[in-house]
Amino acid sequence: MSQMQTGAVLDRATARGGKYLTFFLGDQEYGLEILKVREIIGMVPITPMPRTPSFIKGVINLRGKVIPVIDLRAKFTMAAVEQTEETCIIVVDVNSVEMGIVVDKVSEVQNIAEADISDSPSFGVSVDTDFILGIGKQKGKVTVLLDIGRVLTDTDTAALAHLAVAAPTA
Amino acid sequence: MNWLNCTSGEMRSLLEEISSRCQSTERADLQGLVALADLFASLEQALAGRPETTPLASYAKAAGQATQRIVLAEVPDAAAALTTLQQISQWLAATLNQADAPTPPEAEVLANLKRDSGLADLGVGGNTAATGSQSASPVTLDDIAIAISTLMPGDTAGLVQIKDRLAEWLAQCARPQSVSEMGFSALQVLVKIMAVEPGESTDKLMEMLGTLVDGIQEAADNPTAASTGCPSDPASPTASAGAAASSDQSPLATNNLQSAEATSRPAQTPASQTVQQLADSLQAADPALLADFVTECLDHIENAEASLLKLETDPTNAEAVNAVFRAFHTIKGTSAFLGFGQLQQLAHLAETMLDRARSGKIQLTGGYSDLALEATDMLRTLVQSVQGSLGGEKPVDPPTLPHLLQVLADPEAAGVSAEASIADAGLRLGDILVAEGKADRVAVEVAAADQGAGPLGEALVKAKAASAKDVAGAIRLQSRLAGGESESQSVKVRIDRLDALINMVGELVIAQSMVSQDQMVIKATGTRLVRNVNHAGKITRELQDLSMSLRMVPLKSTFQKMARLVRDLAGKNGKSVRFVPEGEDTEIDRNMVEVINDPLVHMVRNALDHGLESPERRREAGKDPCGTVTLRAYHSSGKVVIELCDDGHGLNRDKIIAKAVAKGLIESAAGLTDAEIFDLIFKPGFSTADKVTEVSGRGVGMDVVKRGVEALRGKIDLASEFGRGSTFTMRLPLTLAIIDGMVIRVGEQRYIIPTAAIHTSFRPSDDNLSVAVGRGEMVMLHDQLMPLFRVYQAFGITNAETDPTKGLLLVVDDEGRKCALLVDDLLGQQQVVVKSLAGGIGEIKGTAGGAIMGDGRVGLIIDVPGFVSLARDAVTAAERSVRQPCLTA
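Residues numbered from 1 in each chain as written. Chains lettered and ligands numbered in written order. Predicted model: local features only at pLDDT ≥ 70, side-chain atom pairs only at ≥ 80, totals over all residues. Heavy atoms only, no water.

## Description of the interface of chain A and chain B
Thought 1: Every contact between the two is made by 22 residues of chain A and, on the other side, 25 residues of chain B.
Thought 2: Carbon and sulfur atoms make up 67% of the area that chain A and chain B hide from each other, which totals about 2,200 Å².
Thought 3: Three residues, Pro50, Arg51 and Val66 of chain A, lead the burial of chain A against chain B; their summed loss comes to 26% of the area buried on that side.
Thought 4: Applying the counting criterion to the chain A and chain B interface returns 0 salt bridges. (Contact = heavy atoms within 4.5 Å. Buried area = accessible area lost by both parts, 1.4 Å probe. Salt bridge = Lys/Arg side-chain N within 4 Å of Asp/Glu carboxyl O.)

## Points about the pairing of strand β13 (residues 784-790) of chain B
Residues and elements named next belong to chain B.
Thought 1: The buried fraction of β13 is high, at 5 of 7 residues.
Thought 2: Relative to β13, strand β12 (residues 776-781) is paired through 4 bridges, and the arrangement is antiparallel. Bridge pairing links leucine 781 to glutamine 784 in β13.
Thought 3: Connecting the antiparallel pair β12 and β13 is a turn made up of 2 residues, with histidine 782 showing a positive phi of about 50 degrees. (Buried < 20%, exposed > 50% of the residue type's maximum accessible area, 1.4 Å probe, protein only. Helix = DSSP H or I, 4+ residues; strand = E, 2+ residues; numbered from the N terminus. Pairing = 2+ DSSP bridges.)

## Some thoughts on the layout of surface pockets
All names here are of chain B.
Thought 1: Estimates place the volume of the second largest pocket at around 1,600 Å³.
Thought 2: If you list the elements that add at least two residues to the lining of the second largest pocket, you get α30 (674-679), α31 (702-711), β6 (715-721), β10 (758-762), β14 (808-814), β18 (858-862) and α33 (864-888).
Thought 3: With 5 residues, α31 is the largest single contributor of residues to the lining of the second largest pocket. (1 Å grid on protein atoms, 1.4 Å probe; cavity = no way out; pocket = protein on both sides within 12 Å on 5 of 7 lines; lining within 4 Å. Points joined across faces, edges and corners; volume = space filled by probe spheres on them.)

## Let's talk about the pattern of salt bridges
A side chain of one charge can pair with a side chain of the opposite charge if their charged atoms are brought near each other.
Residues and elements named next belong to chain B.
Thought 1: Evaluated as defined, the whole model comprises 23 salt bridges over all chains.
Thought 2: For arginine 724, the salt bridge is made with glutamate 721, and the minimal N-O distance between the two is 3.8 Å.
Thought 3: A residue is classified by how much of its surface remains accessible, and arginine 724, at 58% relative accessible area, is exposed.
Thought 4: Each of Glu305, Asp377, Arg380, Arg564, Arg567 and Asp568 takes part in a single network of salt bridges with overlapping partners.

## Comments concerning the sheet that holds strand β15 (residues 817-823) of chain B
All names here are of chain B.
Thought 1: Here we have 6 strands laid out as an open sheet, ordered β10-β14-β15-β13-β12-β11, and mixed in their pairing. Each edge of the open sheet carries a strand with a single partner, namely β10 and β11 (769-772). Mean inter-strand twist for the sheet, computed between neighbouring axes without regard to direction, equals 35 degrees.
Thought 2: As paired strands, β10 and β14 are joined by 4 bridges and run antiparallel to one another. Bridge pairing links isoleucine 758 to valine 812 in β14. (Axes fitted to C-alpha atoms, helices over the stretch in contact; angles between N-to-C directions.)

## Let's talk about helix α27 (residues 590-611) of chain B
Thought 1: With 22 residues, α27 of chain B should reach 32 Å at 1.5 Å per residue; the first-to-last C-alpha distance of 30 Å fits that figure.
Thought 2: In the structure, α27 of chain B departs most strongly from a straight axis at asparagine 597 of chain B, where the bend amounts to approximately 35 degrees and where the proline proline 599 of chain B lies between one and four residues downstream. (Expected span 1.5 Å × (residues − 1). Bend = angle between axes of the 7 residues up to and from the residue.)

## As for the packing of aromatic side chains
Thought 1: Per the stated rule, a full pass over the model turns up 4 aromatic pairs over all chains.
Thought 2: Ring centres of phenylalanine 23 of chain A and tyrosine 30 of chain A lie 5.8 Å apart, and the angle between their planes is 20 degrees; on these two criteria the pair is classed as stacked.
Thought 3: On the basis of relative accessible area, tyrosine 30 of chain A is assigned to the buried category, the value being 11%.
Thought 4: The interplanar angle of 50 degrees and the centroid separation of 5.2 Å between the aromatic rings of tyrosine 751 of chain B and phenylalanine 795 of chain B together place this pair among those described as tilted. One end of the pair, tyrosine 751 of chain B, is in strand β9 (residues 749-754); the other, phenylalanine 795 of chain B, is in helix α32 (residues 791-795), with 44 residues separating them in the sequence.
Thought 5: Classification of phenylalanine 795 of chain B as buried rests on a relative accessible area of 5%.
Thought 6: One aromatic cluster in this structure is built from Phe23, Tyr30 and Phe76 of chain A.
Thought 7: Sitting above the plane of the phenylalanine 55 of chain A ring, lysine 75 of chain A keeps its charged end 4.5 Å from the centroid. (Phe/Tyr/Trp six-rings, centres within 6.5 Å; stacked < 30°, edge-to-face > 60°. Lys NZ or Arg CZ within 6 Å of the ring centre and 35° of its normal.)

## Some remarks on the packing of helix α26 (residues 556-573) of chain B against α27 of chain B
Residue and element names in this part refer to chain B.
Thought 1: At a minimum axis distance of 10 Å, the contact between α26 and α27 shows a crossing angle of 25 degrees. The orientation of α26 relative to α27 falls into the category roughly parallel. The chirality of how α26 crosses α27 is right-handed. Contacts between α26 and α27 involve Thr558, Lys561, Met562, Leu565, Val566, Leu569, Ala570 and Asn573 from the former and Val593, Ile596, Asn597, Leu600, Val601, Val604, Arg605, Leu608 and Asp609 from the latter.
Thought 2: Classifying every residue of the contact of α26 with α27 by side-chain character gives 11 nonpolar, 3 polar and 3 charged. (Parallel < 35°, antiparallel > 145°, perpendicular 65-115°, else oblique. Left-handed = near helix turned anticlockwise from the far one by under 90°. Nonpolar A, V, L, I, M, F, W, Y, C, P; charged D, E, K, R; others polar.)

Have a look at this one:
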């Protein structure tokens, strides 16, 4: 476990350059490490899960497997939008657990060099930017590179654990 | 015409070889003769393979038979016969080289052959290969094996008969070379046995013969293994041994001698194998090889255990003894190869003892049987230690091993005997016949009294007590009951692959139904499209059935464990018990097999400890001193039913009542039915045993069983008659992966509730509904008041029906208490495959997983107890928030 973590730290420090799948939420472009992406599927009916935080859209059937789907807009506290033709689900692999994330539009696969990635700016102690791998700058565009593992697990599992405890008394 | 040339070339070279062999081979060179016979057989095959040479095949066949007769020493002048054979081969060669075909000296040659070989009828027509045997029906290997196993020492007539039968079997049809080689080796051994001076021991030779016939049987059943004869393949050690046995100093014989020597040796060599050595061997060997070794050994151990248990009821079952022997033998060989000295030594000593059992010197009952089982257990411990070491565990040195080795080396010195033998259980042939109404009890008894040394079946037929057909049928039934059925072949597949396959098939079914339900297909006018879609649908359904059956395994291994448990417990309690397994082949999901084990163990322990009386008590009660425990499994209306019956003293109603009253479970027995009273034993803390014993009586028993069974969505019932015995009946679902669910609608959402949890559904009227202060809503059904929970409220669903009189109430069972759930509608009953909500979300209270519905969407399965506690909390919370403002106001 500790080995894995040091590995991750090492990755973050040195090898951020590489291929990223970029997508849009609103006007902002985000990037996901390509190796974490399993597949991209169009919107399918999502079964809502009762008593879960709002950013958990529900579960879908991915060829016989039931996987959870996260609404990234809700997760980033952005206003919900109407589903369009371009709305789709990116299936990612987070610590060998498959999860879907709903995004407005998938853009492209970009090769971003290490030199073009800068660390996420510090907004002070109270703002947690841990889930941001870095900021990619290319051709005048700014892409927020996400550490999807941190986006989806850290806070969510904490929230879910909290939910499980809090639910009976809520 | 290359092929023709090629085959005729092959024939020619065959003939040349035959010709030279005929010259060089002498009467005494049995191996050479066997090879010659084989050459003739190959020639016959080659000749029969081509239409223009087919007529010649019968000559080759006749020549082959003549050779066999030489082998059997039935030909008076072997030298002359060999010359004739050479002549025949030369003539055949000439006929094949049609360029200078001489006048076929057919008549002359054949006459010579007839005279020299003493063959009564050469059967040039090719089909009358009959030798001296009287039986008209084709001889099977089993007949021969039976004849050998029942052969009495000094019975020369029997020997001749066996020899004839074996020869006939060999002549019946073409078989792989290795098999016929072994057959001929067996023939030679027979000839040698007959040649042995009267009074001299033929045990060793008989043993070799037995081994050979076993080998042939094995090889005939499994031709590929025999034909490759791979020496590293431990499953067929006899295949190579058989061929080797034909020389006088065969390795097999030497092996036996060695093992005989070794028997005396281990006593001086104590188990000095240290853990260090195990570690060394582990380092030296390839982990993959070791993993295979472990699996293989565990398989063998299981087989050996099964056979040993079979011997419990049928101590004379030679096949079972052989099976045990083979298992130990193989383990010995492999562990020696891998350098596991301890294992090898143990297996060797056990093998030596089993060898004595095989030769009939001891019978594997009582103490010997215990010892063999102990050895099996120790083998398992050692193999598991190897397995553990693979996973990095520290190898252990079982403390009891040296003692066991010592006992095994000389069981008699350690006071082991066959004495403690449990009475001959198992179904007897006569009983079967009488039960089937095929024979008269008196006639059977008379025949049995006169049967003498021969088997009962024979005596019955002779005495005309039953027809041969019925006897044969009964014997087959008997061996089937004894579990003598042949195993079907199987391959090992990784579970994750199997699960993935089953998943994909499930998806295929959904995708297929989407296609067939598509408007374009439904409205299609082209019959071809419709037909193709239907065809694909049919295949998909079959595939689905097949994929579901992949998960199913027979209950056999579970039953075996129980058989072992019964045996051990009976020994400990000093009770004599007959264990009757029925329906071992009943299949059940492989996940279930593991989980039903615990409840079953509890039940078996109960039956042995509380159920069955001691032999003395049974005798006093006028019952058979040997008790019977029947474990029965069968499928009934989509469920697996497992019954455990004992013919013990049954449940004592008064005792239970007294106990229940003392424990405060009931106030009095008034108005309680037997079933209700018996149900009390499923209550926690209830035990009717007078004293606490090693196995049961601590008050944790039947409640554990009941909870275990209910956790599997099963039911357990109990029927009992005082003095006559009890029957526990478990009804379990076939699989845990599929549940029967009721699909309900709440708002726009669909959920699945396990049908087993639902009592009834109804639409209440306003009069039925009431609100209890502080306890939420209640509803009255059949004068029973129960809480009402609104699903939409608990799950936070909008657009749902909020008026109970317009929706539907489902009465569900929440751990014994009834409550009603408000839903919008029932959509129907459906079997669904339970899928865990894969990681990431974790456990969601009130749900028990997801299921893929017919349209490919996910439906959530409601976990009733979880949901009820959730809903109850929601109600309490709501009450509080309602009351709060009141207080502040």
